[in-house]
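Summary of the model geometry
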Protein chains: 2
Amino acid sequence: MEYSSRLLSNLIDEFARLPSIGRKTAQRLAFHILKVDREEAVRLARAIEEVKNSVRYCAQCGNISESEMCLMCSDSRRNPAIVCVVEQPSDVVALDKTGQYQGQYHVLHGSISPLDGRGPDDINLASLLARVRAGVVKEVILATNPNVSGEATAMYISQLLQPLGLNISRIARGIPMGSDLEYSDQSTLARALEGRQRME
Amino acid sequence: MEYSSRLLSNLIDEFARLPSIGRKTAQRLAFHILKVDREEAVRLARAIEEVKNSVRYCAQCGNISESEMCLMCSDSRRNPAIVCVVEQPSDVVALDKTGQYQGQYHVLHGSISPLDGRGPDDINLASLLARVRAGVVKEVILATNPNVSGEATAMYISQLLQPLGLNISRIARGIPMGSDLEYSDQSTLARALEGRQRME
């Protein structure tokens, strides 16, 4: 579809290059840009450039950061001996909101999923191994998602780190707080039984 | 969801402001920007700014243009006495590809649809009326979409222009070329019968 403006066609092409944006949506977005206030369009363009200019991954943990070392890694009140391994930066935010965790994090940026062609080398794993080998870390909590690839990833990392003699644990999987047994799926119920904890 | 980068949160907010982009997609887009080459991100940002700086609507017909008057309206080989009225700039492109039409266009940027709260004042109609009143236009072809709101819009414009003594026509609706009667819906078949043309 060639519009009478090369610039507009170009913007549609650029939008269509983004993940999960099809041709139709790209057109809708481009026409939206054409319609909105100049200020709003410029704000989006600037936001893109600023992220590209100033946001990167933390050199130590792989989390989102605006400096070499992220806020979590450079916070001296956080315990560097405990590292919680998660798949995504959004998981760091979710876990930290609980206020229950004062250690550091490690962000894998994905999980191992051979069916999708993602192996151990495709996630941020080498730096975790190097970090653990450096000797400060004494405990690793595996907080990857409780789905097929997240479980596989936890299993893989656990076996990888086992020889280094650390405490390795996996977050508990079970019935979510506030929910009904009746509506829980079978694998969650099975896992809840398997992971039952003694009451003192 | 507050990431450890204000700039990233800001970009997510900006993406989420776009139509048909939800919070989840906005996050995916922002992380995509974080991941891609600097060059690719900058290209998108520039494309947005360039459209905002240099693309506008044609002062005469409302079509996409990079100057005061669009390429169609300023093309002296096109017949200014015939105006084809369409809903969207993309319709101009589609019709012009046929090579069957040498007149000019008028882009409404929508259709009349009271159920969606869009009346005659919400589309680019006043300028069509002014254009026709100026006297050059002798024929108007209504090429709005053959759906409820497009038909209503065609009907409305037809009644509006009737007193001005022009030729007013509506594009033919019927069975698409290359398709089977068997698979055509009933209202298309009914319209095809109603609009039958004598064979000489």
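Quick notes on the rules
- Residues numbered from 1 in each chain as written.
- Chains lettered and ligands numbered in written order.
- Predicted model: local features only at pLDDT ≥ 70, side-chain atom pairs only at ≥ 80, totals over all residues.
- Heavy atoms only, no water.
- Least-squares fit on C-alpha atoms with pLDDT ≥ 70 in both.
- Contact = heavy atoms within 4.5 Å.
- Helix = DSSP H or I, 4+ residues; strand = E, 2+ residues; numbered from the N terminus.
- Expected span 1.5 Å × (residues − 1).
- Buried < 20%, exposed > 50% of the residue type's maximum accessible area, 1.4 Å probe, protein only.
- Pairing = 2+ DSSP bridges.
- Axes fitted to C-alpha atoms, helices over the stretch in contact; angles between N-to-C directions.
- Polar contact = N/O pair within 3.5 Å; in protein donor to acceptor, adjacent residues only side chain to side chain.
- Right-handed = clockwise from strand over helix to strand, strands pointing away.
- Domains from an automatic or database assignment.
- Salt bridge = Lys/Arg side-chain N within 4 Å of Asp/Glu carboxyl O.
- Buried area = accessible area lost by both parts, 1.4 Å probe.
- Left-handed = near helix turned anticlockwise from the far one by under 90°.
- Nonpolar A, V, L, I, M, F, W, Y, C, P; charged D, E, K, R; others polar.

Time to look at the relation of the copies chain A and chain B. Relating one copy of the chain to the other requires a rotation about an axis plus a shift along that axis. The two copies are related by a screw motion: chain A maps onto chain B through a turn of 180° and a shift of 0.0 Å along the axis, at an RMSD of 0.0 Å. The superposition of one copy onto the other is thereby described by a two-fold rotation axis. No C-alpha of chain A lies nearer the rotation axis than that of Ala45 of chain A, which sits 2.1 Å from it. The overlap is high: 100% of the interface residues of chain A also sit at the interface in chain B, so the same surface is used on both sides.

Further remarks concern helix H6 (residues 148-161) of chain A. Owing to its 3.6 residues per turn, the α-helix aligns residues three or four sequence positions apart on the same side. All names here are of chain A. Taking 1.5 Å as the rise per residue, H6 with 14 residues should run 20 Å; its terminal C-alpha atoms sit 20 Å apart, in good agreement. Within H6, burial applies to Ser149, Gly150, Thr153, Ala154, Ile157, Ser158 and Leu161. Each element contacted by the buried residues of H6 is listed here: strand S3 (79-86), helix H5 (126-133), strand S5 (139-142) and strand S6 (167-170).

All names here are of chain A. Here we have 4 strands laid out as an open sheet, ordered S4-S3-S5-S6, and parallel in their pairing. Two strands lie at the open edges of the sheet, namely strand S4 (103-107) and S6, each paired on one side alone. Going from strand to strand, the sheet's axes swing by 25° on average, the running direction of each strand aside. With respect to the sheet, helix H4 (residues 89-97) is in contact with S3 and S4, its orientation differing from that of S4 by roughly 155°. Lying over the sheet, H6 contacts S3, S5 and S6, oriented at roughly 170° with respect to S6.

Glancing now at the environment of Ser67 of chain A. Residues and elements named next belong to chain A. Relative to the elements of secondary structure, Ser67 occurs in the loop between strand S2 (64-65) and S3. Among the residues examined, Ser67 registers a relative accessible area of 35% and is labelled partly exposed. It is 13 Å that separates the C-alpha atoms of Ser67 and Glu50, two residues lying 17 residues apart in sequence. A polar contact of 2.9 Å, which involves the side chain of Ser67, links it to the backbone oxygen of Met69.

Residues and elements named next belong to chain A. Where S5 and S6 come together, 4 bridges link them in parallel fashion. Its bridge partner being in S6, Ile141 is matched across the sheet by Ser169. Each parallel crossover has a hand, and for S5 linked through H6 to S6 it is right-handed.

The next point concerns the environment of Gly99 of chain B. Within the secondary structure, Gly99 of chain B sits in the loop between helix H4 (89-97) and strand S4 (103-107). Spatially, the C-alpha atom of Gly99 of chain B lies 42 Å from that of Ala30 of chain B, the residues being 69 residues apart in sequence.

On to the domain arrangement of chain A, then. Here the domain parsing of chain A yields domain 1 (6-54) and domain 2 (70-198). Relative to domain 2 of chain A, the C-alpha centre of domain 1 of chain A lies at a distance of 36 Å.

Applying the stated rule across the entire model yields 17 salt bridges over all chains. Arg173 of chain A is paired through a salt bridge with Glu151 of chain A; the nearest N and O atoms lie 2.6 Å apart. Placement of the pair is Arg173 of chain A in the loop between S6 and helix H7 (186-194) and Glu151 of chain A in helix H6, with a sequence separation of 22 residues. Arg173 of chain A gets classed as buried once you look at its relative accessible area, which sits at 18%. The exposure class assigned to Glu151 of chain A is partly exposed, which follows from its relative accessible area of 25%. In this structure, the salt-bridge partner of Arg78 of chain B is Asp96 of chain B, at a minimum N-O distance of 2.7 Å. Highlighted residues: Arg78 of chain B in the loop between strand S2 (64-65) and strand S3 (79-86) and Asp96 of chain B in helix H4, separated in sequence by 18 residues. Residue class for Arg78 of chain B comes out buried when judged on its relative accessible area of 9%. With a relative accessible area of 23%, Asp96 of chain B lands in the partly exposed category. Bridged by salt links that share partners, the residues Glu14 and Arg17 of chain A together with Arg43 of chain B form one connected network.

With that out of the way, let us pick up the interface of chain A and chain B. Accessible area lost on assembly of the parts is the figure often given for the size of an interface. Facing 52 residues of chain A, the contacting portion of chain B comprises 53 residues. Between chain A and chain B, roughly 5,200 Å² of surface is buried when both sides are summed, and carbon and sulfur atoms account for 67% of that area. Our enumeration of links across chain A and chain B arrives at 4 salt bridges. Counting every contact that joins chain A to chain B gives 20 residue pairs in polar contact (both at pLDDT 80 or more). At 16 residues, helix H3 (residues 38-54) of chain A tops the list of elements feeding residues into the side of chain A that touches chain B.

This brings us to the packing of H5 of chain A against H6 of chain A. Residue and element names in this part refer to chain A. Between H5 and H6, the least distance of the axes is 11 Å, while the angle of their chain directions is 35°. When the axes of H5 and H6 are compared, the crossing they make is right-handed. Residues Leu128, Leu129 and Val132 of H5 form the contact with H6, whose own contacting residues are Ile157, Leu160 and Leu161. Of the residues assigned to the contact of H5 with H6, the class counts are 6 nonpolar, no polar and no charged.

A word on unusual backbone geometry. Unlike most non-glycine residues, His109 of chain A shows phi in positive territory, near 55°. Within the secondary structure layout, His109 of chain A lies in the loop between S4 and H5.

Residue and element names in this part refer to chain B. Within the open sheet, the 4 strands sit side by side as S4-S3-S5-S6. Their pairing is parallel. Where the open sheet ends on each side, the last strands, each with one partner, are S4 and strand S6 (167-170). The sheet shows a mean angle of 25° between the axes of neighbouring strands, direction not considered. With 5 bridges joining them, S3 and S4 adopt parallel strand pairing.

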